Amino acid sequence: MLNLKNKTKLSYLNLLTIILSLVVLIMGLVIHGFADQSFDTLVVIMLIVSLNVSLLAFILDYDFMPLVACLFASIAFGLIVYHSLPIFADKFDDINFRNGNFTACLWYTIISGIGLLSSVITCFDPQK
């Protein structure tokens, strides 16, 4: 059962990961910011899995759950960076080869990077 009194401040940081994964997921589905106005399906799946595993890591008191949540958050971040790099290159080279949304990709990368950082910090909770 969920006992909120015994949670540490670092375990509440896991909620930030949940919120940021949800924000990136909603932004990606609404804006369609990768190349050719598409948001990759694998990124959506990894964000949903990351969101659910982070929620389970907050609710359950297993030692390995924050690490698993961090693993899926890092996979989602890696996929976002992988799909955003051609759009970044187009912007810096001042060409429009991939027809992507630069500002959306920049926000995806920043928000998912902050979510990954909060997920990594959650792994170092001494009471887990």
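Use the structure listed above.
Below, the structure is looked at part by part. Keep in mind the model is a prediction, meaning the values are calculated, not measured.

On to the nonpolar core. With 21 residues, the main nonpolar core has Val24, Phe34, Phe39, Val43, Leu47, Ile80 and Tyr108 as its most contacted residues. For this core, the elements supplying multiple residues, two or more each, are helix H1 (9-31), helix H2 (41-59), helix H3 (65-93) and helix H4 (102-122). Those residues in contact with Val24 that sit more than four places away from it in its chain are Phe39, Leu47, Ile80, Tyr108, Ile111 and Ser112.

It is worth spelling out the packing of aromatic side chains at this point. Following the criterion strictly, the structure yields five aromatic pairs and no others. Pairing Phe39 with Tyr108 gives two aromatic rings, centres 5.2 Å apart and planes at 65°, and the pair type is edge-to-face. One end of the pair, Phe39, is in the loop between H1 and H2; the other, Tyr108, is in helix H4, and 69 residues separate them in sequence. A single burial state applies to Phe39 and to Tyr108, both of which are buried. Cluster of aromatic residues (ring-pair linked, three or more members): Phe88, Phe92 and Phe102.

With respect to the helices and strands, the residue Asn101 is situated in the loop between H3 and H4. Sequence separation between Asn101 and Lys7 is 94 residues, and the spatial gap between their C-alpha atoms is 40 Å. Ignoring any residue separated from it by four or fewer positions in sequence, one finds Asn101 in contact with Ile31, Gly33, Phe34 and Ile87.

Right, let's get into a nonpolar patch on the surface. A cluster of nonpolar residues, Leu55, Leu56, Ile59, Leu60, Tyr62 and Phe64, forms a patch on the protein surface that exposes about 520 Å² of accessible area. Tracing the backbone shows Leu55 in helix H2.

What follows is about H3. Over its 29 residues, H3 extends 42 Å from the first C-alpha to the last, a length consistent with the 42 Å expected when each residue adds 1.5 Å. The largest bend in H3 amounts to roughly 35° and is located at Ser84, with the proline Pro86 lying one to four residues further along. Looking only at H3, the buried set comprises Met65, Pro66, Ala69, Cys70, Ala73, Ala76, Leu79, Ile80, Ser84, Ile87, Phe88 and Asp90. Buried-residue contacts for H3 involve H1, H2 and H4. In the stretch just after H3, Asp94 is the one whose phi turns positive, near 60°.

To continue, consider the packing of H1 against H2. The angle between the axes and the distance between the axes are what describe a pair of packed helices. Orientation of H1 relative to H2, taken along the N-to-C sense of each, is 160°, at an axis distance of 9 Å. Our classification of the angle between H1 and H2 gives roughly antiparallel. Crossing of H1 over H2 shows left-handed handedness. Counted together, Ser11, Tyr12, Asn14, Leu15, Thr17, Ile18, Ser21, Leu22, Val24, Leu25 and Leu29 of H1 and Val44, Leu47, Ile48, Ser50, Leu51, Ser54, Leu55, Ala57 and Phe58 of H2 form the full contact between these two elements.

About the criteria used
Residues numbered from 1 in each chain as written. Predicted model: local features only at pLDDT ≥ 70, side-chain atom pairs only at ≥ 80, totals over all residues. Heavy atoms only, no water. Core = buried A, V, L, I, M, F, W, Y, C linked by side-chain atoms within 4.5 Å. Buried < 20%, exposed > 50% of the residue type's maximum accessible area, 1.4 Å probe, protein only. Helix = DSSP H or I, 4+ residues; strand = E, 2+ residues; numbered from the N terminus. Contact = heavy atoms within 4.5 Å. Phe/Tyr/Trp six-rings, centres within 6.5 Å; stacked < 30°, edge-to-face > 60°. Patch = residues over 30% accessible without salt bridge, like charges linked within 9 Å, V, L, I, M, F, W, Y side chains within 5 Å. Areas by Shrake-Rupley, 256 points an atom, 1.4 Å probe, with all protein chains shown as cover. Salt bridge = Lys/Arg side-chain N within 4 Å of Asp/Glu carboxyl O. Expected span 1.5 Å × (residues − 1). Bend = angle between axes of the 7 residues up to and from the residue. Axes fitted to C-alpha atoms, helices over the stretch in contact; angles between N-to-C directions. Parallel < 35°, antiparallel > 145°, perpendicular 65-115°, else oblique. Left-handed = near helix turned anticlockwise from the far one by under 90°.

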